[in-house]
Amino acid sequence: MRQQLVRLPSLLKMAAPGFTPGAFVFLLCINSVANYPSGKVTQSCHGMIPEHGHRPQADPVHHITVSQVTFRPGDQVEVTLSGPPFKGFLLEARNAEDLSGVPVGSFTLIDSQVSQLLTCEDIQGSAVSHTSSSKKTEIKVYWNAPSSAPNHIQFLVTVVEKYKIYWVKIPSQIISQPDALPFTTLKATVSPLSTPTPVSRLTKLFSASDCGKKKFCIRSPLSCDPEKEQACVFLSFTKHEHSVMVEMSGPREGYLSFAFSHDQWMGNDDAYLCINEGQTVHVQPAHFSGRSHPVMDSRDPLEAVAWRLADGVMQCSFRRNITLPGVKNRFDLNTSYYIFLADGTANDGQIYKHSQQPLITYEKHNVTDYPKNIGGSRSSLLLKVHGALMFVAWMTTVSIGVLIARFFRSVWSKAFFLGEAAWFQVHRLLMLTTSVLTCIAFIMPFIYRGGWSWHAGYHPYLGSFRPPLHDPRRQMFNWTHWSVGTAARIIAVAAMFLGMDLPGLNLPHPWKTYAMIGFVTWHIGTEIVLEIHAYRLSRKVEILDDDRIQILQSLTVAEAEGHAFKKMVLAIYVCGNVTFLIIFLSAINHV
């Protein structure tokens, strides 16, 4: 969870060349047959076990049949997988005398629409898997016997019906070479699975009363109490002699997760998830390998696992030793880490990327040290400043500068500085301010990410000479200036709409969209009012044009009235812009 706790999709971290302090993005798509609808599951070739965090089913309901029971090197044997509808599978041929060994031979596809070849153990075409998650009832392929084939071959297949329901290493009958000695069937073809960790039910809600006294607590909001507030996301650590008791609480739907990380970016983190599976809660340790979905690990290091679902709240707890020598992917808890805290949606036990940035602690903490009561942030300071400067530039200085250039030339036409008209001086100052603020803001995401971000959608792409007055090129300049300026404003508005949805800024939904729509409507409405006023003023002058005696006096009066009206509209517009700006800056400051 580097600042992005999806880190754990959960805990997940936001990723910037890593994650974001607001990148917890803890969400996990597990490396597994089911989690890979494309069937690219070479990481599961050896053990043939999907990393779903659930135990496989015991009694197979699918079958493997072969077209012949004897074979010679160079033969093609038709292999058929059939049974109730399933989504994914992984098929291999193994030496029947060493089922834990490498795949033997290669396969030839019969229907490339539903099956594909994989390269396992550096043997091209040594396994077959699905091409999509569409339901299937039968798969047919040919197995090509190699010249160095062992005497006895057995086909093994892992079948995934859905995320939580799968069977591992379903065996076929054994086929043998004609001159081979009779084969004695092994008693087991699948390695025994570890005994599941006992799970119990919690009888009461967690409390924040001991936070900072006996418990090391992380809460969002900082002062919330899981005993009283359903929306409180709560994580606590209570040290005992050689172990730590962990409590996690939050909204009932989906999953909760947290992770320990050496930095504020997602990757190589020790994560833990509580997943709502409808009527029960699944507690699962996991780890991140790079910026990807979490990989589920064995629950063996966890003890005293318990959970509770009631009153719109999901809670789970477990105990683990402070140090776990020899246990892969688990960190020692007597060291300081950044901590990611995230929540998201889940369906049928499968978790999805969290919709908001994970909460990440401001600094590293040792949860076995003195009890503390701390918070964190879902957004990076650099991203906050980036957003604030862009709002100031494109909601205030540029919009006011455009109105002055369009409607205030006659109001402030007198020379003010260096012989230039006052309206132009103000316009130029505002536009230069916009340019400076934009340049400064533009650099900040690159500093934050350490380079270009490929995970921020279209926002980065959208976000990524003046002739004399009577010069013949002036007309071309005017149109070019207007076109470029208008295009820049349109792109800026589009970029702001897209940028407000980025997890790193974490603005509240849906008011941010309504507020932005309100600002755009406010600006367009002001321009329409001034356009109508300018049109009516020009019509008034045209009507008076036939009466040369009245024109000077009437035009002067009309201009005076027009200037007063424009100044009033500008004052109201500036006040409105400042109001919108304060709203957005307040929102950015509080995330």
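On a predicted model such as this, the values are computed, not experimentally measured, just so you know. (Residues numbered from 1 in each chain as written. Predicted model: local features only at pLDDT ≥ 70, side-chain atom pairs only at ≥ 80, totals over all residues. Heavy atoms only, no water.)

1. Here we look at the overall build of the protein
So, point 1. Secondary structure summary: the protein contains 6 helices and 31 strands in total.
So, point 2. When burial is assessed residue by residue, the protein has 49% of its 591 residues classed as buried.
So, point 3. Entry remark: accessible area of the protein is about 28200 Å², with carbon and sulfur atoms responsible for 59%. (Helix = DSSP H or I, 4+ residues; strand = E, 2+ residues; numbered from the N terminus. Buried < 20%, exposed > 50% of the residue type's maximum accessible area, 1.4 Å probe, protein only. Areas by Shrake-Rupley, 256 points an atom, 1.4 Å probe, with all protein chains shown as cover.)

2. Focus on the sheet that holds strand E16 (residues 216–220)
So, point 1. Strand order in this open sheet of 7 strands is E15-E23-E24-E18-E17-E16-E29, and the pairing throughout is mixed. Two strands in the sheet have a free side with no partner beyond their single neighbour: strand E15 (199–201) and strand E29 (373–374).
So, point 2. Relative to strand E23 (residues 303–310), E15 is paired through 3 bridges, and the arrangement is parallel. Counterpart to Val199 in the pairing with E23 is Val305. (Pairing = 2+ DSSP bridges.)

3. What to know about the UniProt feature "transmembrane region" (unreviewed entry) in the protein
So, point 1. Feature annotation in UniProt places "transmembrane region" (unreviewed entry) on residues 388–408, 429–448, 479–499 and 570–588, given in this structure's numbering.
So, point 2. Annotated as residues 388–408, this span is 95% helix and 0% strand, and its ends, taken at the C-alpha atoms, are 28 Å apart. (UniProt positions renumbered as here; feature names shortened; annotations may be inferred.)

4. Topic: the pattern of salt bridges
So, point 1. By the definition in use, this model includes 6 salt bridges.
So, point 2. A salt bridge links Glu247 to Lys215; its shortest N-O distance comes to 3.0 Å. You can see Glu247 sitting in strand E18 (residues 243–251) and its partner Lys215 sitting in the loop between E15 and E16, a full 32 residues away along the chain. Neither residue differs from the other here; Glu247 and Lys215 are each classed as buried.
So, point 3. Arg330 is the partner of Asp297 in a salt bridge, and the nearest nitrogen-oxygen pair spans 3.0 Å. Of the two residues, Asp297 sits in the loop between strand E22 (295–296) and E23 while Arg330 sits in the loop between strand E24 (313–321) and strand E25 (338–344), which places them 33 residues apart along the sequence. With respect to burial, Asp297 and Arg330 carry one shared label: buried.
So, point 4. Linked through salt bridges whose partners overlap, the residues forming this network are Asp270, Asp297, Arg320 and Arg330. (Salt bridge = Lys/Arg side-chain N within 4 Å of Asp/Glu carboxyl O.)

5. Here's the deal with unusual backbone geometry
Glycine aside, residues mostly have negative phi angles, and peptide bonds mostly take the trans form.
So, point 1. At the junction of Ser220 and Pro221, the peptide bond is cis and its omega measures out at 0° in the coordinates.
So, point 2. In this fold, Pro221 is placed in the loop between E16 and strand E17 (233–239).
So, point 3. Positive phi, close to 55°, is recorded for Asp311, a residue that is not glycine.
So, point 4. Examined against the element boundaries, Asp311 turns out to sit in the loop between E23 and E24.
So, point 5. Its relative accessible area of 57% is what places Asp311 among the exposed residues.

6. Comments concerning the sheet that holds strand E6 (residues 76–86)
So, point 1. Pairing is antiparallel in the open sheet, where 4 strands are placed in the order E5-E6-E11-E8. Two strands lie at the open edges of the sheet, namely strand E5 (63–66) and strand E8 (106–109), each paired on one side alone. Along the sheet, successive strands turn relative to each other by an average axial angle of 30°, direction set aside.
So, point 2. Relative to E6, E5 runs antiparallel, the two sharing 4 bridges. Note that in E6 the partner of His63 across the bridge is Ser82. (Axes fitted to C-alpha atoms, helices over the stretch in contact; angles between N-to-C directions.)

7. Regarding a nonpolar patch on the surface
So, point 1. Where nonpolar side chains cluster on the molecular surface, the patch consists of Leu382, Phe442, Ile443 and Ile447 and spans about 340 Å² of accessible area.
So, point 2. Among the elements that make up the nonpolar patch, the one with the highest residue count is helix H2 (residues 422–449) (3 residues).
So, point 3. With respect to the helices and strands, the residue Leu382 is situated in helix H1 (residues 381–407). (Patch = residues over 30% accessible without salt bridge, like charges linked within 9 Å, V, L, I, M, F, W, Y side chains within 5 Å.)

8. Quick look at the environment of Glu92
So, point 1. Mapped onto the fold, Glu92 is located in strand E7 (residues 88–95).
So, point 2. On the basis of relative accessibility, which here comes to 0%, the residue Glu92 falls in the buried class.
So, point 3. Residues contacting Glu92, with those up to four places away along its chain left out, are Cys45, Met48, Pro103, Phe107, Cys120, Ser126, Ala127, Gln154, Phe155 and Leu156.
So, point 4. In this structure the side chain of Glu92 is engaged in a polar contact, spanning 2.8 Å, whose partner is the side chain of Arg94. (Contact = heavy atoms within 4.5 Å. Polar contact = N/O pair within 3.5 Å; in protein donor to acceptor, adjacent residues only side chain to side chain.)

9. Remarks on the packing of aromatic side chains
So, point 1. Going through the model one piece at a time under the given rule, you end up with 14 aromatic pairs.
So, point 2. When the ring of Phe237 is compared with that of Phe260, the centres are 5.7 Å apart and the planes differ by 40°; the resulting orientation is tilted. Of this pair, Phe237 sits in strand E17 while Phe260 sits in strand E19 (residues 255–261), placing them 23 residues apart in sequence.
So, point 3. The exposure class assigned to Phe237 is buried, which follows from its relative accessible area of 1%.
So, point 4. An aromatic cluster is built from Phe216, Phe237, Phe258, Phe260, Tyr272, Phe318, Phe331 and Tyr337, whose rings are joined through pairwise contacts. (Phe/Tyr/Trp six-rings, centres within 6.5 Å; stacked < 30°, edge-to-face > 60°.)

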